[in-house]
Amino acid sequence: MPKKLLIKDKTTYAGNMRAGRQIRSRKLTTAVLVAVIPVFALAGSEISTGYNSYGYPGLIDMPVATSRPDGELAFSSSHFAGQTRNTLTFQITPRLSGSFRYSIIDNYRGGNTLYDRSFSLHYRFLDETYTRPAVAIGFNDFLGTGIYASEYVVATKSVGNRLRFSLGMGWGRLAGSGGFKNPLSILSDKLETRPVRNTGQGGTVESAQFFRGDAALFGGVEWQATDRLKLIAEYSSDAYPDESPFNFERDSQLNLGASYKIRPGMDLSLRYLYGSEIGVQLTAALNPKNPASTSGREPAPPPVLPRGALSAEELNWPTSEGQQTTRRTDLAQALRQQGIRLHGLSFKGSAARVEIENTTYQLEAQAVGRTARVLSRRMPTNVDTFEIILVSSGVPVSELLVRRSDMETLGDDLEGSWKSFARTSITSPVGKLQPIPERYPRFDWNLKPYLTPSLFDPDSPIRADLGVQLDATYEPAPGWELTGSVRKKVIGNLDDATRRSDSLLPRVRSDFNLYEQQGDPAITNLTAAYYFKPGQDLYGRVTVGYLEPMFGGISSEVLWKPNNSPFAFGVEANYVKQRAYDQLFDFRSYEVATGHVSAYWDMGNGFHTQIDAGRYLAGDWGATLSVDREFKNGWKIGAFATLTDVPFSTFGEGSFDKGIRITMPISWLTGEPNKSDYTTTIRPVTRDGGARLDVGGRLYEKVRPLQKPALQDGWGKFWR
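Residues numbered from 1 in each chain as written. Predicted model: local features only at pLDDT ≥ 70, side-chain atom pairs only at ≥ 80, totals over all residues. Heavy atoms only, no water.

1. A few points about the sheet that holds strand β15 (residues 385-392)
Across the sheet, which stays open at both edges, the 5 strands sit in the order β13-β14-β15-β16-β17 with mixed pairing between neighbours. Strand pairing shows two members of the sheet lacking a second neighbour, β13 (340-348) and β17 (425-427), which therefore form its edges. With direction set aside, neighbouring strand axes in the sheet form an average angle of 20°. Pairing of β15 with strand β16 (residues 395-403) involves 8 bridges; the strand directions are antiparallel. Within β16, the position partnered with serine 392 by the bridge is valine 395. Against the sheet, helix α3 (residues 364-378) contacts β13, β14 (351-358), β15 and β16, and its axis sits at roughly 140° relative to β15. (Pairing = 2+ DSSP bridges. Helix = DSSP H or I, 4+ residues; strand = E, 2+ residues; numbered from the N terminus. Axes fitted to C-alpha atoms, helices over the stretch in contact; angles between N-to-C directions. Contact = heavy atoms within 4.5 Å.)

Following this line, the structure appears as structure tokens:
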């Protein structure tokens, strides 16, 4: 056979093979659709919104306009063709969700493995009605290297309660297949061209790209076949320019999938993608509003006892010192059985002043209600008013005046909750505390497990240490606290990290792996603190010692927080020195003066905003913006970002400090009252710029939960 003919035949053969794959792909797609159509006759249930492979509300790869339940926190992991996307998504409000994604892409652009971090936002600005679809706008990978960077507008409409259609238009990555001239170019010719993204160190917002360049259409259909099974078909506008043909052959833009609900909050999805690949995704979701364990497992509160039911010996408070001590001990024991510590007790006319410390309940209002119930059973009949003082670290924060008659009449009232709040006076107390003799000095200790995770190291994306931690607190007098914590690792691999810091700044945080390698066992903190109240709405703190694992020194703070105000302002000043890597008693040579001016705003509905401006540990100047959502049961989910005078190039990878904070109360898991919680901070990159001292006992979180706005939010627990 001639050589030219042989080459031609090989070319023809290769073309036929590719055509054969496309034909087989079409046949498989047709077969799946033919198999699916008859099932439409089966009974189904209301359709649910799923998470796409990028972890935000969507079909398979494409987005939809609907949202998940308000407050839901979900983790999804999807994989196909050598790429894995791990995404944490929070439904911030009923309309807005935010996602943080960590992707691993093998053979990226035919080269090495890429580890990429990205953020997404999805906002539903129109709700679905009988005649109108829901409409949402989204920004994918708007804060990262931009390999997934895209924007979209999508509309979703249900037909009945089992079938739903979505149609959208995408830009950027979502205009890779079937693209056409940007319709928005009628507003400006500049919108016809999408600027090349300057990734630099990553982590910056390239707003100049938004909704620019070619656009493309995408869409899909979802059918809820049964309560557990949902079938999905979509047309994708993503051409996968960095993954195809290096990782897979893209033979079709039609994707098919099935999602199966394993149990409430957990879904498993199987997909057939781009005519050539099988993909899988597992999604686990929880909602802080819905406790994992049955609620209300705490003991029932004691019933209110009307004064007419008191025994003769309880009609009056005794006059002898011995009898007073006995009666006070009985009261302290009764409160202790309710998880409340008696701090002080005194009488003035027909009022009993009772100082308490809530050691058990997430909501201070529940501690107040239980205290008032106990007082109705223990106070003499001439006491008409209970003055309940909420105390934190030996400092009086709020004074609640509860009428005894209201306790006797509103306990069985269907509207007793709001009526009791309306009749309760809440103010900031004046004057000194009057602690009972038995309160000071006091020593407490606790032995508990600890878990310290480390994420996003390219050498090992997930590391963690598990061990035991001994905490001890000694209170010699009101306002004084001596605290210490010692840790001993039992198992873990944090000390396996070998990457050395390349920071151009003082290494105040980036040498964290050296602390993990040498600090076992470690004294994570050892401090003496004094809390005081210099004025009615002023609070103060001075702390000295080993303030955190990496720094020791002196920290001082003053907070102005009126009892009935959503605003607060604070000033913190610190002088610290870097601790030795073994986290015992020695120091390194680096020292710095650092401090911030802080503004706090309780926005209502559980949202809190904080701005801290000042000097950070590396000597840089700037500000941190934090926004957190707090649930009534103690869950907190928030995000923060810090910009300082350190240039992005000097800061290094990530450009600036940012992250996500999650606090989970232990009581949410157990269903039993407990003030303990587990807090973790997820930082895409740990660098030195924008690093703030992590001193314990800051005043705002000590004071705010005990004041009127927080008490009002939790007053539904007053009678429980």
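Here the narrative resumes.
2. Quick notes on the pattern of salt bridges
Overall, the coordinates contain 41 salt bridges when judged by the stated rule. For arginine 423, the salt bridge identified is with aspartate 406, shortest N-O distance 3.1 Å. Separated by 17 residues along the polypeptide, arginine 423 in the loop between α5 (416-422) and β17 and aspartate 406 in helix α4 (residues 404-410) bring together distant segments of the chain. Judged by relative accessible area, which is 38%, arginine 423 ranks as partly exposed. Given a relative accessible area of 9%, aspartate 406 falls into the buried group. Salt-bridge contacts for lysine 636 lead to glutamate 701; the nearest nitrogen and oxygen are separated by 3.2 Å. In this pair, lysine 636 sits in strand β28 (residues 636-644) while glutamate 701 sits in helix α9 (residues 699-703), placing the two residues 65 residues apart along the sequence. The class of lysine 636 is partly exposed, set by a relative accessible area of 25%. Among the charged side chains, a network of salt bridges with common partners joins Arg341, Glu357, Arg439, Arg442, Asp444 and Glu475. (Salt bridge = Lys/Arg side-chain N within 4 Å of Asp/Glu carboxyl O. Buried < 20%, exposed > 50% of the residue type's maximum accessible area, 1.4 Å probe, protein only.)

3. Describing the sheet that holds strand β8 (residues 215-224)
Backbone hydrogen bonds hold the strands of a sheet together, and the pairing may be parallel or antiparallel. With antiparallel pairing, 12 strands are arranged side by side around a closed barrel as β1-β2-β3-β4-β5-β6-β7-β8-β9-β10-β11-β12. On average, adjacent strands in this sheet sit at an angle of 20° to one another, irrespective of strand direction. With 10 bridges joining them, strand β3 (residues 96-105) and strand β4 (residues 114-126) adopt antiparallel strand pairing. Bridging across to β4, serine 97 finds its partner in histidine 122.

4. Examining the packing of helix α2 (residues 321-337) against α3
Any two packed helices are characterised by how steeply their axes cross, that is the angle between the axes, and by the distance between the axes. Remark: α2 packs on α3, axes separated minimally by 10 Å, with the N-to-C direction vectors making an angle of 145°. When you trace α2 past α3, the crossing you get is right-handed. For the pair α2 and α3, contact is made by Arg327, Asp330, Leu331, Ala334 and Leu335 and by Thr371, Val374, Leu375 and Arg378, respectively. Of the residues assigned to the contact of α2 with α3, the class counts are 5 nonpolar, 1 polar and 3 charged. (Left-handed = near helix turned anticlockwise from the far one by under 90°. Nonpolar A, V, L, I, M, F, W, Y, C, P; charged D, E, K, R; others polar.)

5. A closer look at the nonpolar core
Most often, soluble globular proteins have nonpolar side chains that are buried together. The biggest cluster of nonpolar side chains holds 46 residues, and the ones touching the most others in it are Leu331, Met379, Phe386, Ile388 and Leu559. With 6 residues, the single largest contributor to this core is α3. (Core = buried A, V, L, I, M, F, W, Y, C linked by side-chain atoms within 4.5 Å.)

6. Quick look at α2
With 17 residues, α2 extends 24 Å between its outermost C-alpha atoms, agreeing within 8% with the 24 Å of an ideal straight helix rising 1.5 Å per residue. Here α2 has its buried residues at Arg327, Arg328, Leu331, Ala332, Ala334 and Leu335. Down the axis of α2, the smallest arc covering the buried residues is 160°, so these residues share one side. When the buried face of α2 is taken as reference, the exposed residues oriented beyond 90 degrees from it are Arg336 and Gln337. Its buried side turned inward, α2 meets β13 and α3. Phi turns positive, to about 80°, at glycine 339, one or two residues after α2. (Expected span 1.5 Å × (residues − 1). Arc of directions from axis to C-beta.)

7. Quick look at the pairing of strand β26 (residues 607-615)
The side chains of a regular strand alternate between both faces of the sheet. When strand β25 (residues 587-604) meets β26, the two strands line up antiparallel, connected through 9 bridges. When the bridges of β26 are listed, tryptophan 601 appears paired with threonine 609. As defined by bridge partners, β26 adjoins strand β27 (residues 621-630) across 9 bridges and the pair is classed as antiparallel. Residue pairing for β27: phenylalanine 607 is matched across the bridge by arginine 629. Counting the residues in the hairpin turn of β26 and β27 gives 5 residues, including glycine 619, whose phi is positive at 85°.

8. Here's the deal with unusual backbone geometry
Negative phi characterises most residues that are not glycine, and trans characterises most peptide bonds. With an omega dihedral of 10°, the bond running from serine 244 to proline 245 counts as a cis peptide bond. Topologically, proline 245 is positioned in the loop between β9 (229-235) and β10 (254-263). Of note, the amide linkage connecting tyrosine 440 to proline 441 takes the cis form, showing an omega dihedral of -5°. Its identity as a non-glycine residue notwithstanding, tyrosine 240 has a phi of 50°, on the positive side. Along the polypeptide, tyrosine 240 turns up in the loop between β9 and β10. In this structure, serine 393 is a non-glycine residue whose phi angle is positive, near 50°.

9. Points about the packing of aromatic side chains
The full count for this structure, using the stated rule, is 27 aromatic pairs. Here the aromatic rings of tyrosine 240 and phenylalanine 248 are separated by 5.5 Å at their centres, their planes lie at 80°, and the arrangement is edge-to-face. Residue tyrosine 240 is classed as buried on the basis of its relative accessible area, which comes to 0%. Residue classification places phenylalanine 248 among the buried residues on the basis of a relative accessible area of 2%. (Phe/Tyr/Trp six-rings, centres within 6.5 Å; stacked < 30°, edge-to-face > 60°.)

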